[in-house]
Amino acid sequence: MQEHSYQALARAILDGHTVYRVTALDGAQIGEGWNIIDQAPALDAKEDITACRPPFVCTSRQTGARLLCEALRQQKVLLVCGGGHVSVPVAKLGKLLGYRVLVADDRPEFADPARFPEADAVLCREFCDLLAGLDWDALPDLSVVIVTRGHAADTVCLREALRHPCTYIGMIGSARKNRAVFDLLRGEGVTEAQLEAVHAPIGLAIGAETPEEIAVAIAAELIDTRRGCANAGLSAAMLDALATGQTGIMATVVRKQGSAPRGVGARMFFPDGGHKLGTVGGGLAEYEVCQTAERLGRTRTPCLLTFDMKNGEAGRSGMICGGEIDVLFEVVG
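Note on numbering: residues in each chain are counted from 1, in written sequence order. Only residues with pLDDT of at least 70 are given local features in this predicted model, and only at 80 or more are side-chain atom pairs given and counted; all residues enter the totals for whole chains, interfaces and linings. Processing note: side-chain calculations cover all non-hydrogen atoms of the structure and skip hydrogens and water entirely.

Caption draft 1: View of the side chain of R21. Here R21 shows up in strand β1 (residues 19-24). We define a polar contact as two N or O atoms separated by no more than 3.5 Å, with the added condition that, inside protein, one atom must be a possible hydrogen donor and the other a possible acceptor, whereas residues neighbouring each other in sequence contribute only through side-chain atom pairs. A polar atom in the side chain of R21 sits 2.6 Å from the side chain of N35. Runs of E in the DSSP output that reach at least two residues are strands. Runs of H or I that reach at least four are helices, and both are numbered from the N terminus.

Printed below as a string of structure tokens:
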């Protein structure tokens with residue numbers, strides 16, 4: 001198996017690595033990808049890409065080909081500290097948003113898997129021991145939602161979370177309680193920069209009052225915080241299929257214009273002889289992507305196509321607002 005194959009990429013991701021993938025979008029090497037493990041590639045690009053966050057497209061100074069540059073890693077993880085009333089809808093929404101959801105509480109009656117059927121794991125132990133024993137390095141894209149029953153447990157959870165790089169940390173509570181927690185941690189040497197990164201009070205300010213409304217506010221803040229955040233365009237199902245050697249056609253959005261539903265890096269995988277995985281946004285564009293993938297499954301030829309949703313039947317019928325996407329079709333295996 002070639003080291004730059006999707007199968008090798010999937011195995012590296014499942015082993016806990018971040019894989020930087022560079023894929024040629026045109027020229028003689030269209031559809032060819034290169035995997036660089038745990039180290040961002042040094043690209044000789046015509047553009048200034050020093051401030052770019054993957055995924056992005058640049059032009060090779062050497063070949064003139066456009067390159068799609070991505071950072072791919074395991075599924076994002078949501079750790080919910082606390083198993084109370086707010087945690088239940090937070091876990092549900094987290095799963096809907098594509099997170100691997102972990103729920104932790106020190107009380108057996110609240111750390112009950114029956115309360116959290118959507119969670120991937122429900123952990124029960126004293127917060128201090130539980131979080132100290134967590135393999136944080138195996139969770140490179142981790143968001144922590146702290147919604148415990150009180151001041152003391154919140155402090156324990158926040159103290160430990162701040163010791164590790166996290167995509168998001170949020171803590172529920174009144175401004176007065178949060179100030180008290182922050183003052184305590186300042187006295188322990190936690191910096192202002194670390195505290196400023198904590199979302200407290202948690203959630204976007206939408207006037208939420210019920211547990212369900214608070215969960216929506218938290219979920220909205222998770223989405224807002226992750227805007228532009230590099231993350232795998234490969235779902236858990238795709239990774240599993242690829243890691244076991246599945247072949248087929250991979251369709252990846254490499255350009256979005258207008259109000260197209262999904263952005264650069266969105267993927268669909270069409271396994272040979274299997275059911276499609278993922279989505280590029282639904283509607284007529286996705287239908288046309290599926291039709292193209294079916295055809296390419298026979299010809300095995302990579303290509304880059306534009307799907308214009310502003311014109312034609314979709315535009316006339318008012319099915320969508322409009323927009324345009326470029327989709328790269330790669331042969332896997």
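Here the narrative resumes.
Caption draft 2: Examining unusual backbone geometry more closely. Residue P201 is bonded to the preceding A200 through a cis peptide linkage, with omega at 5°. Assignment of secondary structure puts P201 in the loop between β10 (198-199) and α7 (211-225). For D38, which is not glycine, the phi torsion reads 65° and is therefore positive. Classification of residues uses two cut-offs on accessible area relative to the type maximum, computed with a 1.4 Å probe and protein chains only: under 20% is buried, over 50% is exposed, and between them is partly exposed. Judged by relative accessible area, D38 falls into the partly exposed class, the value being 47%. Residue R300 is not a glycine yet carries a positive backbone phi of 55°. Residue placement: R300 occurs in the loop between α9 (283-299) and β14 (303-308).

Caption draft 3: Quick look at the sheet that holds strand β2 (residues 33-37). Pairing between strands requires that DSSP locate at least two bridges from one strand to the other. Pairing in this open sheet of four strands is antiparallel, and the strands run β2-β1-β4-β3 from one edge to the other. Pairing within the sheet leaves two strands with one partner each, and these edge strands are β2 and β3 (56-59). Strand-to-strand, the axes of this sheet are offset by a mean angle of 25°, without reference to chain direction. Orientation is described by lines fitted to C-alpha atoms, with helices fitted over the stretch in contact, and by angles between N-to-C directions that extend from 0 to 180 degrees.

Caption draft 4: A look at the packing of helix α2 (residues 87-96) against α7. Orientation of α2 relative to α7, taken along the N-to-C sense of each, is 40°, at an axis distance of 8 Å. By the angle between their directions, the pair α2 and α7 is classed as oblique. As for how α2 packs across α7, the hand of that crossing is right-handed. Of the residues in α7, those touching α2 at P89, V90 and L93 are P211, E212, A215, V216, I218 and A219. Each residue gets one of three labels, nonpolar for Ala, Val, Leu, Ile, Met, Phe, Trp, Tyr, Cys and Pro, charged for Asp, Glu, Lys and Arg, and polar for the others, Gly among them. Looking at the contact of α2 with α7, its residues break down into eight nonpolar, no polar and one charged. Each angle receives one of four descriptions, namely roughly parallel if under 35 degrees, roughly antiparallel if over 145, roughly perpendicular if within 65 to 115, and oblique otherwise. Here a crossing is taken to be left-handed if its near helix is turned anticlockwise relative to the far helix by less than a right angle, and right-handed if that turn runs clockwise. Residue contacts are counted whenever heavy atoms from the two residues lie within 4.5 Å of one another.

Caption draft 5: Seen up close, a nonpolar patch on the surface. Judged by side-chain polarity, L204, I206 and V216 come together as a nonpolar surface patch covering roughly 240 Å² of accessible area. Residue placement: I206 occurs in the loop between β10 and α7. Surface patches are defined over residues having more than 30% relative accessible area and no salt bridge, joining like charges when they lie within 9 Å and nonpolar side chains (Val, Leu, Ile, Met, Phe, Trp, Tyr) when within 5 Å. Note on areas: Shrake-Rupley with a 1.4 Å probe; residue coverage comes only from the protein chains shown. For this analysis, a salt bridge means a side-chain nitrogen from Lys or Arg found within 4 Å of a carboxyl oxygen belonging to Asp or Glu.

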